[in-house]
Each structure stands twice: as C-alpha cells, then as structure tokens.
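Breakdown of the fold
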Amino acid sequence: MARLNINGKSFELDVDPRTPLLWAIREQAGLTGTKYGCGIAQCGACTVHVDGAPVRSCVMPVSAAEGKKITTIEGLAVNGVLTKVQKAWIDNDVPQCGYCQSGMIMAVTALLTNKPRPTDADIDAAITNICRCGTFNQVREAIHAAAKA
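A brief structural summary.

What follows is about the overall build of the protein chain. Along the protein chain, the regular secondary structure elements total 6 helices and 5 strands. Its helices and strands in sequence order give the protein chain the pattern β-β-α-β-β-α-β-α-α-α-α, from N to C terminus. For the protein chain, the spread of C-alpha atoms along the principal axes amounts to about 45 × 30 × 25 Å. Counting the 149 residues in the protein chain, one finds 45% classified as buried. Restricting to contacts in the protein chain with at least 6 residues of sequence separation, those with at least 24 account for 57%. For the protein chain, the exposed surface amounts to about 7700 Å²; the carbon and sulfur share of it is 51%. Measuring between centres, the 15 positive side-chain charges of the protein chain sit 3 Å from its 13 negative side-chain charges.

Scoring rules and cut-offs
- Residues numbered from 1 in each chain as written.
- Predicted model: local features only at pLDDT ≥ 70, side-chain atom pairs only at ≥ 80, totals over all residues.
- Heavy atoms only, no water.
- Helix = DSSP H or I, 4+ residues; strand = E, 2+ residues; numbered from the N terminus.
- Buried < 20%, exposed > 50% of the residue type's maximum accessible area, 1.4 Å probe, protein only.
- Contact = heavy atoms within 4.5 Å.
- Areas by Shrake-Rupley, 256 points an atom, 1.4 Å probe, with all protein chains shown as cover.
- Lys, Arg positive; Asp, Glu negative; His and termini not counted.
- Charge placed at Lys NZ, Arg CZ, Asp CG, Glu CD.

Note that every value here comes from positions in space, so none of it alone points to a role or purpose.
What follows is the structure, encoded as structure tokens:
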C-alpha cells in the first residue's frame, strides 16, 4: 500500500512500489490530466511537481514519491481560479491538440517559481518538454506574459 499526498489529499493506493508515479496518479487516483507521452522521460507530457520540483512521473517509482507533496495539473487552480500561467496559455492561444500542455504548464509553473522573470536562455534551459504541434513560439510568449502578470 502506497500513501501519497496528491493535490493536498491523502491517497492510499494498492500499487507495487516500483509502479511509475504516472500510472498511480492516472489509474489509481483517477487524475487523468497528467498524460503519458513517451514513457522514457523525454517528452514531458507527464510532468508533475514533487515537493515543488518538476518531475517526469513516467519514470519516477511510487516509492520515491511517498511522503512528498505531489501536485498535478488538477491541483494548480485554486477554487476554480486559474493561475497566471494557465491564463497566459489561454490568452496566447498556446494549445492546439493540447496533449502535452498539462506537462508544459507544470514545467513553466516551476520555472516561474524559481525565476519569476526568466530570460529566453532560462526558458531554453528549463523547458525541455516536446510539443508535436510545434507551439514553441506561443509557449515562449505565454511564459513572458505570465512573468509580467
């Protein structure tokens, strides 16, 4: 039995400790906003925060997440109020298919927490998520807009 704190709620999940955190979040906790993309930590669609740091949940075992604070895309908005990053995503028409966007938003949220006014070089270094639709220009615009908000 794994005990996880996801979005401020306690979950007791019957999973093997080696199970990737992604599958515990999606299949056991029922939070499907975090997406499966590649399974090898390359694309970033599965990005969540673990103790505030962006983590590729497809390769992190559940055992490594126990006792830590996990935040998924569902945990960002508070009482239905979107974060400045989520608002910037909408205002800058970032999503096309939208599949990678929850992971992108999680990575950008962590970046802006650590660097409230990132340069393009900071963005390039921190945001390694892949968008198959190629919305990278809109992503950069949204990051700068959120930084100004």
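From this point on, the discussion continues.
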